[in-house]
Amino acid sequence: MESVGGVDFPRTYQEFRDWFPDDAACVAYVERLRWPDGFVCPRCETPKGWRIGTGAFMCAGCGLKTSATAGTIFHRSHTPLSTWFAAMWFITSQKTGISALALQRQFGFGSYETAWAWMQKLRRAMVRPDRSKLSGVVELDETFVGGRSTGRMGASTGKVPVMIAVERVDNRKLGRVRFGIDSAPGSKEQIAFAQREIEPGTHIQTDGARVLRRLADLGYEHSYATGYNSPDISAELPGVHLVASLLKRWITGTLQHHVTVEHLPYYLDEYAFRFNRRDSKSRGMLFYRLLQQAVITEPTTLSDLYKI
Ligand SMILES: [Zn+2]
């Protein structure tokens, strides 16, 4: 069912303030998102339980005491849920997103690391596991994004090959985008990426790299332009070229710091999350989508965030 602004989620900052005056209101909202048809035990799946507090239930089947935030990214957070909500509203209401530094300033976090960890936790919710594949006409190409590794071997610089697939709605308009990180420039991973992200039968346009010519044997309509058959090769694949330049500008402009290779996938998730919802009539819709994901995203510990 279509979600409705003002009914399912607040549309404006004023509505946001009215809807979530305190922690109890935030917990009740999380409860509603997590169990839209009433409590279901996360352990034994019994659809019956007793309320034992705000957002807290005891399962009628196995006796488990649990809460609406257990097992979500809010689990065991020492920060009040209302602060999480405010940060999520702040992050989603800025059209291009914000840096950890801006988040730190806005919420008075004691350290940059705390703000950074918050951003990382939220980025993990910026994906939709049930997302449908791209279709219609899709441009597929690869670009290089500057990366810096801070692995055990010490810092090293290197550009990371990022695969981009974007829907062409018509000559002027782009649809949805997907990103992936290639194991090596121009590798066969591009084929796996296409199969993962693009519906069979789709018309895929590429630069005709040899590895990509297999697409025609895999149920796709594949066309490509090369220096031999195109009058102006630089004008080919305008969609992916635009996305690549917007992505790079966003990384250097908004994130304002070096992006490590290890964390690049999460930045790509955030960018795709924003790009694919850039035409949403209400910024509240982004807040809602982020929160929907947050309640089904496993909690991450600080050590997990640094480990990868
Ligand atoms: Zn149970």
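Preceding block: the structure.
To keep things clear, this report deals only with the structure shown in the data block. All values derive from a computational prediction rather than experimental measurement. (Residues numbered from 1 in each chain as written. Predicted model: local features only at pLDDT ≥ 70, side-chain atom pairs only at ≥ 80, totals over all residues. Heavy atoms only, no water.)

## Description of the pairing of strand β1 (residues 49–53)
As judged from the four bridges shared by β1 and strand β2 (residues 56–59), these two strands associate in the antiparallel manner. Paired with G49 across the bridge in β2 is C59. As consecutive antiparallel partners, β1 and β2 are separated by two residues, and within that stretch G55 has a phi angle of approximately 70 degrees, a positive value. (Pairing = 2+ DSSP bridges. Helix = DSSP H or I, 4+ residues; strand = E, 2+ residues; numbered from the N terminus.)

## Here's the deal with the pattern of salt bridges
Within the structure shown, the criterion is met by 10 salt bridges. With its nearest N and O atoms 2.5 Å apart, the salt bridge here joins E139 to R168. Placement of E139 in strand β4 (residues 137–149) and of R168 in strand β5 (residues 156–168) is noted, with a sequence separation of 29 residues between them. We classify E139 as buried; its relative accessible area is 0%. For R176, the salt bridge is made with E167, and the minimal N-O distance between the two is 2.7 Å. On the basis of relative accessible area, R176 is assigned to the partly exposed category, the value being 24%. A residue is classified by how much of its surface remains accessible, and E167, at 10% relative accessible area, is buried. Here the salt bridges share partners, and the residues they tie into one network are R123, E270 and R274. (Salt bridge = Lys/Arg side-chain N within 4 Å of Asp/Glu carboxyl O. Buried < 20%, exposed > 50% of the residue type's maximum accessible area, 1.4 Å probe, protein only.)

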